[in-house]
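Here's the letter readout for the chains.
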Amino acid sequence: MEPLKLAIACQGGGSHCAFGAGVLIELLSRIDAEGLLPYNGQRYRIVSLAGTSGGAINALIAWLGLTHPVGPEIGRRALTDFWHDMSAHSVGDMFNNFFTVQSQRLREVLPHVESAPNVLSRWAQERILELLQKYVPFETLPSMLGPHTPKLLIGAANVLTGQAHVFRAGPQRAPRAIEVLASTAVPNLYNAVDVDGQPYWDGLLSQNPPVRNLLSGCDLDEKPDAIWLLRINPREHSGIPQRLADITDRQNEMAGNLALEQEMFFIRQVNKWLEQGVLDSSGFKPVVWQEIVLDAKGDNGDSLDYASKLDRDPVFIEGLIALGREEARAFLGP
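As the structure is a computational prediction, the values presented were derived from the model and not from experiment.

## As for the UniProt feature "active site" (unreviewed entry) in the protein chain
For step 1, the next point in the chain: As recorded in UniProt, the sites labelled "active site" (unreviewed entry) are Ser53 and Asp202. In summary, the annotated positions, though distributed over 150 residues, converge in three dimensions, the widest C-alpha pair being only 6.1 Å.
For step 2, the next point in the chain: Mapped onto the elements of the fold, serine 53 is located in the loop between β3 (42-52) and α2 (54-67).
For step 3, the next point in the chain: Residue contacts for serine 53: discarding those within four places in its chain leaves Gly12, Ser183, Thr184, Asp202 and Leu204.
For step 4, the next point in the chain: In this structure, aspartate 202 sits in strand β7 (residues 198-202).

## What about the side chain of threonine 149?
For step 1, the next point in the chain: By secondary structure assignment, the location of threonine 149 is in the loop between α6 (141-144) and β4 (151-158).
For step 2, the next point in the chain: Separated by 2.7 Å, the side chain of threonine 149 and the backbone nitrogen of glycine 146 make a polar contact.
For step 3, the next point in the chain: The contact partners of threonine 149, leaving out residues within four places of it in the chain, are Trp63, Thr67, Met144, Gly170 and Pro171.

## Let's talk about the pattern of salt bridges
For step 1, the next point in the chain: Overall, the coordinates contain 18 salt bridges when judged by the stated rule.
For step 2, the next point in the chain: A salt bridge links aspartate 196 to arginine 176, with the nearest nitrogen and oxygen atoms 2.8 Å apart. Placement of the pair is aspartate 196 in the loop between β6 (193-195) and β7 and arginine 176 in the loop between β5 (164-169) and α7 (177-183), with a sequence separation of 20 residues.
For step 3, the next point in the chain: Overall, aspartate 196 belongs to the exposed group, its relative accessible area being 63%.
For step 4, the next point in the chain: A salt bridge links lysine 285 to aspartate 225, with the nearest nitrogen and oxygen atoms 2.9 Å apart. Remark: aspartate 225 occurs in the loop between β7 and β8 (226-231) and lysine 285 occurs in the loop between α9 (258-276) and β9 (288-293); sequence separation between them is 60 residues. We note that lysine 285, like aspartate 225, is buried.
For step 5, the next point in the chain: Several salt bridges share partner residues, and in doing so they unite Glu26, Arg30, Arg325 and Arg329 into one network.

## Focus: unusual backbone geometry
For step 1, the next point in the chain: In this model, asparagine 208 is joined to proline 209 through a cis peptide bond whose omega is -5°.
For step 2, the next point in the chain: Within the secondary structure layout, proline 209 lies in the loop between β7 and β8.
For step 3, the next point in the chain: Positive phi, normally seen in glycine, also occurs at asparagine 40, with a value near 55°.
For step 4, the next point in the chain: Its location among the elements puts asparagine 40 in the loop between β2 (37-39) and β3.
For step 5, the next point in the chain: Classification of asparagine 40 as exposed rests on a relative accessible area of 65%.
For step 6, the next point in the chain: Phi at aspartate 196 takes a positive value of approximately 55°, unusual for a residue other than glycine.

## A short note on helix α10 (residues 314-332)
For step 1, the next point in the chain: In a regular helix each residue adds 1.5 Å, so 19 residues correspond to 27 Å; α10 covers 27 Å between its end C-alpha atoms and thus fits that length.
For step 2, the next point in the chain: Among the residues of α10, those classed as buried are Pro314, Phe316, Ile317, Leu320, Ile321, Gly324, Ala328, Phe331 and Leu332.
For step 3, the next point in the chain: Contacts made by the buried residues of α10 are with α1 (17-29), β2, α3 (72-86), β8 and β9.
For step 4, the next point in the chain: Residue aspartate 313 occupies the N-cap position of α10, its side-chain oxygen lying 2.9 Å from the main-chain nitrogen of valine 315.
For step 5, the next point in the chain: Of the residues flanking the end of α10, it is glycine 333, one or two places downstream, whose phi is positive at about 85°.

## Here's the deal with the packing of aromatic side chains
By convention here, two paired aromatic rings are described through the distance between centres and the angle between planes.
For step 1, the next point in the chain: According to the stated counting rule, one finds seven aromatic pairs in the structure shown.
For step 2, the next point in the chain: Taking the centre distance of 5.0 Å and the plane angle of 5° together, the rings of tyrosine 39 and phenylalanine 331 count as stacked. You can see tyrosine 39 sitting in strand β2 and its partner phenylalanine 331 sitting in helix α10, a full 292 residues away along the chain. Each member of the pair tyrosine 39 and phenylalanine 331 is classed as buried.
For step 3, the next point in the chain: An angle of 50° between the planes, with centres 5.7 Å apart, marks the rings of tyrosine 44 and tryptophan 228 as tilted. Taken as a pair, tyrosine 44 in strand β3 and tryptophan 228 in strand β8 lie far apart in primary sequence, 184 residues in all.

Basis of the calculations
- Residues numbered from 1 in each chain as written.
- Predicted model: local features only at pLDDT ≥ 70, side-chain atom pairs only at ≥ 80, totals over all residues.
- Heavy atoms only, no water.
- UniProt positions renumbered as here; feature names shortened; annotations may be inferred.
- Helix = DSSP H or I, 4+ residues; strand = E, 2+ residues; numbered from the N terminus.
- Contact = heavy atoms within 4.5 Å.
- Polar contact = N/O pair within 3.5 Å; in protein donor to acceptor, adjacent residues only side chain to side chain.
- Salt bridge = Lys/Arg side-chain N within 4 Å of Asp/Glu carboxyl O.
- Buried < 20%, exposed > 50% of the residue type's maximum accessible area, 1.4 Å probe, protein only.
- Expected span 1.5 Å × (residues − 1).
- Phe/Tyr/Trp six-rings, centres within 6.5 Å; stacked < 30°, edge-to-face > 60°.

See below:
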């Protein structure tokens, strides 16, 4: 039986993206000798990945595991090691991490001074770039590309035009570290990143992640049969937020979801029109949409609030990775 085509879309959300890394580690561990992923009695070939912000980092490293001649083990190890290195381990970094997280949580009770991106911001961006270059061999990627190389879509937003932008890689073009760094440039926290003379901010402002682009601009036989979303930001919220911290939390969740909801509506509408015979099936195909979800308000209570998206505590990060693997196992089955 011909394998089905699968696209994986990775939401951004700061440190919470360690959950997505855990999901991808588990998915990569299930890929068989033919490069296929068994699921629900079918076999899938991952033909594309999309991501924004921290989700872009995860998508890139998973893409590496599917592209490197050594195989998925490269991606599994790199995802684990990248998030380990992103965690705060030194005494100074642990103090800085604690101060950052707690000052965010105390904003409504203590005076604070707003500040633009500064020296610490530049250091953080340089650290992200350094780790990307450590775990992804960008210089040799072009030699690994081939006709079956998965597509990689990285979401960003152009500061000057206000338009969403997708950096594309795949069989004909390797990704660049600077493009992924641009996708992580959260306004207020980081400086805009210059890519080919244009300044970019975090793609959370526009597409989180770019989903519509997985289906547009390609032939029918190249389009995925299924899209799996690694959802970081919860769709629903219980009650109307009243405290400033809760308002900030929900605002961030909604900002990361609204564009995605519109793109999901587009996919569902096309599926409906195909079922009704309104659309010509020679140009469109039904796409199955499924999600693996980080339950941000489950038994953890407020432990996954907005401030925790800035938290690089090693125990916290390792716990999210373990949770991602657990949710992926529940989704995939034995």
